[in-house]
Amino acid sequence: MPVDRDGDLVYQFLLVPWTGACSHMPTPPPNQIVLVTPAHPYKMSQAYQSVAVTDALRPDMEKSQLFILDGVSVIQSGYTVRKAEVVGVDTVPDTIVLPVNSPWSFLNKKKN
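Bear in mind the structure is a predicted one, so any value in this text is a computation, not a measurement. (Residues numbered from 1 in each chain as written. Predicted model: local features only at pLDDT ≥ 70, side-chain atom pairs only at ≥ 80, totals over all residues. Heavy atoms only, no water.)

### A word on the overall build of the protein chain
1) Next: Tallying secondary structure elements over the protein chain gives 0 helices and 7 strands in all.
2) Next: Put simply, the protein chain runs from its N terminus to its C terminus through helices and strands in the order β-β-β-β-β-β-β.
3) Next: Expressed as a percentage of its 112 residues, the buried residues of the protein chain come to 25%.
4) Next: A separation of at least 24 residues holds for 56% of the contacts in the protein chain among residues at least 6 apart in sequence.
5) Next: In the structure as shown, the protein chain presents an accessible area of about 8100 Å², 55% of it carried by carbon and sulfur atoms. (Helix = DSSP H or I, 4+ residues; strand = E, 2+ residues; numbered from the N terminus. Buried < 20%, exposed > 50% of the residue type's maximum accessible area, 1.4 Å probe, protein only. Contact = heavy atoms within 4.5 Å. Areas by Shrake-Rupley, 256 points an atom, 1.4 Å probe, with all protein chains shown as cover.)

Next up, the structure:
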């Protein structure tokens, strides 16, 4: 959900857990929303576009104003990513295989 944009260039956006969150449905809790500031303006090709965001995730309660069709909405996010690298993705994978030395490698699916 773009927070700060000029045409198709997005300078700040909210990363939300499902399509339409914050605009057409009840707002998710702050611990499911990330305020992202790209290192460079991100060129949005369509509304509700899936993206991959890379950089450090930090806990930080922020309030953002969204200007949507039916008025202004204030959304609280529980995390921020600043100077993020952002790229569009065509599909979102069901799983991601993490490197063996990652502290999160226990999340990798076991092969049968």
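### A few points about the confidence of the model for the protein chain
1) Next: When pLDDT is averaged along the protein chain, the result is 83, and 80% of the positions lie at 70 or above.
2) Next: The element-level mean pLDDT for the protein chain is lowest in strand β6 (residues 58-68), coming to 89, with strand β3 (residues 34-38) highest at 97. (pLDDT = per-residue confidence, 0-100.)

### Quick look at the pattern of salt bridges
1) Next: Scanning the model with the defined rule gives 3 salt bridges in all.
2) Next: With its nearest N and O atoms 3.5 Å apart, the salt bridge here joins D60 to R82. Separated by 22 residues along the polypeptide, D60 in strand β6 and R82 in strand β7 (residues 71-88) bring together distant segments of the chain.
3) Next: On the basis of relative accessible area, D60 is assigned to the partly exposed category, the value being 27%.
4) Next: For R82, a relative accessible area of 34% puts it in the partly exposed group. (Salt bridge = Lys/Arg side-chain N within 4 Å of Asp/Glu carboxyl O.)

### Focus on the side chain of T80
1) Next: As for its position among the elements, T80 is in strand β7.
2) Next: Excluding residues within four positions of it along the chain, T80 makes contact with V34, L35, A56, L57, R58, D60 and E62.

### Looking at the pairing of strand β2 (residues 9-15)
1) Next: Pairing analysis gives 4 bridges linking strand β1 (residues 2-6) to β2, with the strands arranged antiparallel. What sits directly across from D4, in β2, is Q12.
2) Next: Hairpin remark: β1 followed by β2, antiparallel, with 2 residues in the connecting loop; positive phi at G7, about 65 degrees.
3) Next: Pairing between β2 and strand β4 (residues 42-43): 2 bridges, direction antiparallel. Paired with L9 across the strands is K43, a residue of β4. (Pairing = 2+ DSSP bridges.)

### Topic: the environment of H40
1) Next: Within the secondary structure layout, H40 lies in the loop between β3 and β4.
2) Next: It is 9.9 Å that separates the C-alpha atoms of H40 and Q12, two residues lying 28 residues apart in sequence.

### Regarding unusual backbone geometry
1) Next: Phi is positive for K83, which is not a glycine, with a value near 55 degrees.
2) Next: As for its position among the elements, K83 is in strand β7.
3) Next: K83 sits in the exposed class, given a relative accessible area of 66%.

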